[in-house]
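Inside the fold
Here is how the chains run, residue by residue.
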Amino acid sequence: MAEKLKVSQAVIVEGKYDKIKLSNIIDAFIIETNGFGVYKDKEKMKFIKRLAEERGLIILTDSDHAGFMIRNHISSFVPKSQIINVYIPDIAGKEKRKQAPSKEGKLGVEGMSREALLKAFEKANVNTQSVVCENPVTSFDFYDFGFSGGENSKAKRKALCKALDLPEFLSVSSLISCINNMMNRDEFFELAEKI
């Protein structure tokens, strides 16, 4: 049996199949939102907030619109300083247990391979979260390379997300945050010039 990644933070996923998949890969306290159920469940929101204060949160939702809505909802009541966002890549397909692919045709957390999930945690610097980026990529750098504020910015950001194996729906600030966790400024500049 493969060794599990030990994670001290609580991990938030959308549903029970995501939880089952993840519990075979990481050793952590995993809680499900029951999809959009978290919107109405005041007790669960209170519990998530307490977990965030006590140990920090890792949010790992699907890379579709619904996953981002749930992620943003949790971010609305938990301070950003207590959250680490882990993003799965956009991969077309359907989960084995389902009759048809999701509305957007993307695999969710449960459909990801062990390697893809471990890579997603690695990209988010989960084990080295205390490392501070001394010379981070900024929103000005993004503007300078045409990833924001320009006519073709959205397409360029989409290409950047694809190159980094990140979901296409990331906001500019989330994308910058991911980049600062994944690489240094020089590496970003090198990649940005290719796009």
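Residues numbered from 1 in each chain as written. Predicted model: local features only at pLDDT ≥ 70, side-chain atom pairs only at ≥ 80, totals over all residues. Heavy atoms only, no water.

Here we take up the overall build of the protein chain. Scanning the protein chain from N- to C-terminus turns up 8 helices and 6 strands. Along the protein chain, helices (α) and strands (β) appear in the sequence β-β-α-β-β-α-β-α-β-α-α-α-α-α when read from the amino end. On C-alpha atoms alone, the protein chain measures out to a radius of gyration of 17 Å, which is about the 16 Å that the 2.2 N^0.38 rule sets for 195 residues. By its C-alpha atoms, the protein chain is 45 × 40 × 40 Å across when sized along the principal axes. Every one of the 195 residues in the protein chain was classed for burial, and the buried ones make up 44%. With the model as given, the accessible surface of the protein chain reaches about 10900 Å², and the carbon-plus-sulfur share is 51%. (Helix = DSSP H or I, 4+ residues; strand = E, 2+ residues; numbered from the N terminus. Rg over C-alpha atoms; globule rule 2.2 N^0.38 Å. Buried < 20%, exposed > 50% of the residue type's maximum accessible area, 1.4 Å probe, protein only. Areas by Shrake-Rupley, 256 points an atom, 1.4 Å probe, with all protein chains shown as cover.)

To continue, consider helix α6 (residues 153–164). With 12 residues, α6 ought to run about 16 Å at 1.5 Å a step, and its terminal C-alpha atoms sit 16 Å apart, in line with that. Listed as buried for α6 are Ser153, Arg157, Leu160, Cys161 and Leu164. In an axial view of α6, the angular spread of the buried residues amounts to 100°, which keeps them on one side of the axis. Where α6 is buried, its residues contact α4 (114–123), α5 (139–144), α7 (172–182) and α8 (185–194). Downstream of α6 by a residue or two, Asp165 has a phi angle that is positive, lying close to 60°. (Expected span 1.5 Å × (residues − 1). Arc of directions from axis to C-beta. Contact = heavy atoms within 4.5 Å.)

What follows is about unusual backbone geometry. The backbone of Asn34 sits at a positive phi, close to 55°, despite the residue not being glycine. Structurally, Asn34 is set in the loop between β4 (30–32) and α2 (42–55). The exposure class assigned to Asn34 is partly exposed, which follows from its relative accessible area of 47%. For Asp165, which is not glycine, the phi torsion reads 60° and is therefore positive. Locating Asp165 in the fold gives a position in the loop between α6 and α7.

Turning our attention to α2. An ideal rise of 1.5 Å per residue puts 20 Å on 14 residues; α2 measures up with 20 Å between its terminal C-alpha atoms. Listed as buried for α2 are Lys44, Met45, Ile48, Leu51 and Ala52. Taken end-on, α2 shows its buried residues confined to a sector of 120°, consistent with a single buried face. In α2, the exposed positions angled more than 90 degrees off the buried face are occupied by Lys42, Glu43, Lys46, Glu53 and Glu54.

Across the protein chain, the average pLDDT comes to 88, with 95% of residues at 70 or higher. Across the protein chain, the element-wise mean pLDDT spans from 82 in α7 up to 96 in strand β5 (residues 57–59). (pLDDT = per-residue confidence, 0-100.)

Taken in spatial order, the 4 strands line up as β4-β2-β5-β6 in an open sheet, and their pairing is parallel. Because the sheet does not close on itself, it has two edges, and the strands there are β4 and β6 (83–85). In this sheet, adjacent strand axes meet at a mean angle of 25° when their direction is disregarded. When strand β2 (residues 10–13) meets β5, the two strands line up parallel, connected through 3 bridges. Across the sheet, Ala10 pairs through a bridge with Leu57, a residue of β5. Taken strand by strand, α2 contacts β2, β4 and β5, and its axis lies near 155° from that of β4. (Pairing = 2+ DSSP bridges. Axes fitted to C-alpha atoms, helices over the stretch in contact; angles between N-to-C directions.)

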